[in-house]
Amino acid sequence: MELLKQRILEVGVVASDQVLKLDVILNHQVDPVLIMEMGKEFARLFRETKPDKVLTVESSGIPIAYTTALQLGVPMVFARRKKTLTMDQDTYSERVPSFTKGIVTDIMVSSHLLQKGERILLIDDFIANGDAARGLIRIVEKAEAELVGVGIVVEKSFQNGGKSIRERGIRVESLARIASLANGQITFD
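These numbers come from a predicted model, not from an experiment. Residue positions are counted from 1 within each chain, in the order its sequence is given. The predicted origin of the model limits local features to residues at a pLDDT of at least 70 and limits the giving and counting of side-chain atom pairs to 80 or more, whereas totals for whole chains, interfaces and linings rest on all residues. The side-chain numbers reported here are obtained from all heavy atoms of the structure, hydrogens and water having been left aside.

(A) Focus on the environment of Ile8. Where helices and strands are cited, they refer to DSSP runs of H or I of at least four residues and of E of at least two residues respectively, numbered from the N terminus. Looking at the element boundaries, Ile8 is found in helix 1 (residues 2-11). The class for Ile8 is buried, based on a relative accessible area of 0%. Once the C-alpha coordinates of Ile8 and Leu26 are considered, the two residues, 18 residues apart in sequence, prove to be 9.9 Å apart. Those residues in contact with Ile8 that lie beyond four places of it in its chain are Leu20, Leu22, Val154, Ala176, Ile186 and Phe188. Note on exposure labels: buried denotes an accessible area under 20% of the residue type's maximum, exposed denotes more than 50%, and partly exposed covers the range between, all computed with a 1.4 Å probe on protein chains only. The contact criterion used is simple: two residues touch if any of their non-hydrogen atoms lie within 4.5 Å.

What follows is the structure, given as structure tokens:
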């Protein structure tokens, strides 16, 4: 997606050869116009899969998953990282490491929100090692729902996450694929 690549080059901060900060458009401050365009693009890419729901993990995935769900006319569900007082006791949960946070957290979805046989589209902001995406995939499997695809805003293709999911036969569509962050330079595939 050329608009996204252009914005990444304008505002992206290469923190290291492994970390790209996009906090002014994607995961701290949100650029609503860009987010809406990305949602339209994911809807275009996955419309024929006829998803029943869009699933993401809090918090950075929520805006893009929301706009995608809005464009598809389906509900959006997000996996929580902390159990709340109002959350059902019956949940699907998985332990997942966070690449950027350097910690392991539990992600969970109330079991009544994912039904057996539902067609689920996963949407998230970044994929590096793929741990969050694999955790969401396991939650979909526990719910006996059907995964129809994975949409990622930014894939760091120099890391193994996207590749490892594709090797499972799962369709992964990334709006921008970054081949390298070496020497402080953003290089796209």
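(B) Structural context of the pattern of salt bridges. We define a salt bridge as a contact between a side-chain nitrogen of Lys or Arg and a carboxyl oxygen of Asp or Glu at a distance within 4 Å. In the structure shown here, the tally under the stated rule is 20 salt bridges. Ionic pairing is found between Glu146 and Arg119, a salt bridge with its closest N-O pair at 3.0 Å. Of this pair, Glu146 sits in strand 8 (residues 146-156) while Arg119 sits in strand 7 (residues 119-127), and the two are 27 residues apart along the sequence. With a closest N to O distance of 3.2 Å, Glu155 and Arg177 form a salt bridge.

(C) Examining the sheet that holds strand 3 (residues 53-57) more closely. Pairing within the open sheet is mixed, and its six strands lie in the order 4-3-7-8-9-10. Both edges of this open sheet fall to strand 4 (76-79) and strand 10 (187-188), since each of them pairs with a single strand only. Running over the sheet, helix 1 touches strand 8, strand 9 (172-180) and strand 10 and is turned about 35° from strand 9. Lines are fitted to the C-alpha atoms to define the axes, a helix being fitted only along its stretch in contact, and any angle between axes, read from their N-to-C directions, falls within 0 to 180 degrees. Set on the sheet, helix 2 (residues 32-46) makes contact with strand 7, strand 8 and strand 9; between it and strand 8 the angle comes to about 140°. Two strands qualify as a pair provided that DSSP identifies no fewer than 2 bridges between them.

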